[in-house]
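Coordinate analysis (summary)
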Amino acid sequence: MTTPRIALPTAHIEVWSDIACPWCYIGNRRFAAALDEFEHRDRVEVTWRSYQLAPETPVGRRKPEAEALAETKGMPLEQVRQMFSQVSGAAAEVGVEIDFDTVIAANTFDAHRLVHLAGARGEDLVEALFHAHFVEGEVVDDRETLVRIAASAGLDADLVRAALESDAAADAVRADLLAARQLGVTGVPFFVANRAVAVSGAQPEDVFLALLQRAIEDVDSEEDQSVRDAR
């Protein structure tokens, strides 16, 4: 007779990030590497949450990212380019080649809607959106571009187009933005384990591994306490 396998509790990691945030792209790669290495990967559920660094960016403006940031922050263009050079170096360390001369500033609200609509394919779609924005120089607030990116990640193009033309998932994005404010999130990427422990920034893999281990230990501890309380 086969002994039934006991289901172990699942740890929940929520990741607040923005498609237009290069450090989120870098952090995503480092977190994914840690997750692949983690021995309890099958007990970890990851949810991608929406955050907008520049919600005021006009849709369809199509201004180069360096120029847009220099204008918004009141910084000299050369200073912005120097800053971007440092970010590109960090991105190269995780296998991402960012050419900021080709990156187009975009309003990411629809892209976040798309991630919610993707459901189980959300992780693949997040990676595809980052790549399109930072590597391919795609305009990620253009809906037909989003449809094409979604199709490349395995989603149905017609269904995605219809959803983007409606208000589908808009409330889910707004709920994420509200939750971020309630949690005191002021910068991304921001990783939260079981709504109890948080790590901010594109941390090294060992920091993410420690967060994952803590998340599992916490849910195991809660499970043990529940068993004791039931006796």
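Figured I'd write up the structure that's included with this text. Keep in mind the model is a prediction, meaning the values are calculated, not measured.

Here we take up unusual backbone geometry. Going from V188 to P189, the amide bond is cis rather than trans, its omega being 10°. With respect to the helices and strands, P189 occurs in the loop between α8 (170-183) and β3 (190-193). One non-glycine residue, R62, lies in the positive phi region at around 60°. Positionally, R62 belongs in the loop between β2 (44-50) and α2 (65-73). Residue R62 is classed as partly exposed on the basis of its relative accessible area, which comes to 47%. In this structure, R195 is a non-glycine residue whose phi angle is positive, near 55°. Along the chain, R195 turns up in the loop between β3 and β4 (197-200). Judged by relative accessible area, which is 47%, R195 ranks as partly exposed.

This part is about the sheet that holds β3. With mixed pairing, four strands are arranged side by side in an open sheet as β2-β1-β3-β4. Looking at strand neighbours, the two that pair on one side only are β2 and β4, the edges of this open sheet. Each strand axis lies, on average, 20° off the axis of its neighbour in the sheet, ignoring direction. Relative to β4, β3 runs antiparallel, the two sharing four bridges. Looking at the pairing, F191 lines up with V199 of β4.

Here we come to the environment of A210. Tracing the sequence through the fold places A210 in helix α9 (residues 205-230). C-alpha of A210 to C-alpha of R161: the two residues are 49 residues apart in sequence and 40 Å apart in space.

Another aspect to go through is the packing of helix α4 (residues 109-118) against helix α6 (residues 143-152). Where α4 contacts α6, the axes come no closer than 10 Å and their chain directions differ by 30°. Taken as axis vectors, α4 and α6 run roughly parallel relative to one another. For the element pair α4 and α6, the recorded crossing hand is right-handed. Residues D110, A111, R113 and L114 of α4 lie in contact with α6, whose contacting residues are R143, L146 and A150.

Within the largest apolar cluster, 66 residues are counted, with the highest numbers of intra-cluster contacts made by I13, W16, F31, L125, L129, V188 and L212. Examining the composition of this core, we find that seven residues originate from one element, helix α5 (residues 122-134), more than from any other. Residue contacts for L125: discarding those within four places in its chain leaves L114, V115, A118, I149, A150 and A153.

Cut-offs and rules
- Residues numbered from 1 in each chain as written.
- Predicted model: local features only at pLDDT ≥ 70, side-chain atom pairs only at ≥ 80, totals over all residues.
- Heavy atoms only, no water.
- Helix = DSSP H or I, 4+ residues; strand = E, 2+ residues; numbered from the N terminus.
- Buried < 20%, exposed > 50% of the residue type's maximum accessible area, 1.4 Å probe, protein only.
- Pairing = 2+ DSSP bridges.
- Axes fitted to C-alpha atoms, helices over the stretch in contact; angles between N-to-C directions.
- Parallel < 35°, antiparallel > 145°, perpendicular 65-115°, else oblique.
- Left-handed = near helix turned anticlockwise from the far one by under 90°.
- Contact = heavy atoms within 4.5 Å.
- Core = buried A, V, L, I, M, F, W, Y, C linked by side-chain atoms within 4.5 Å.

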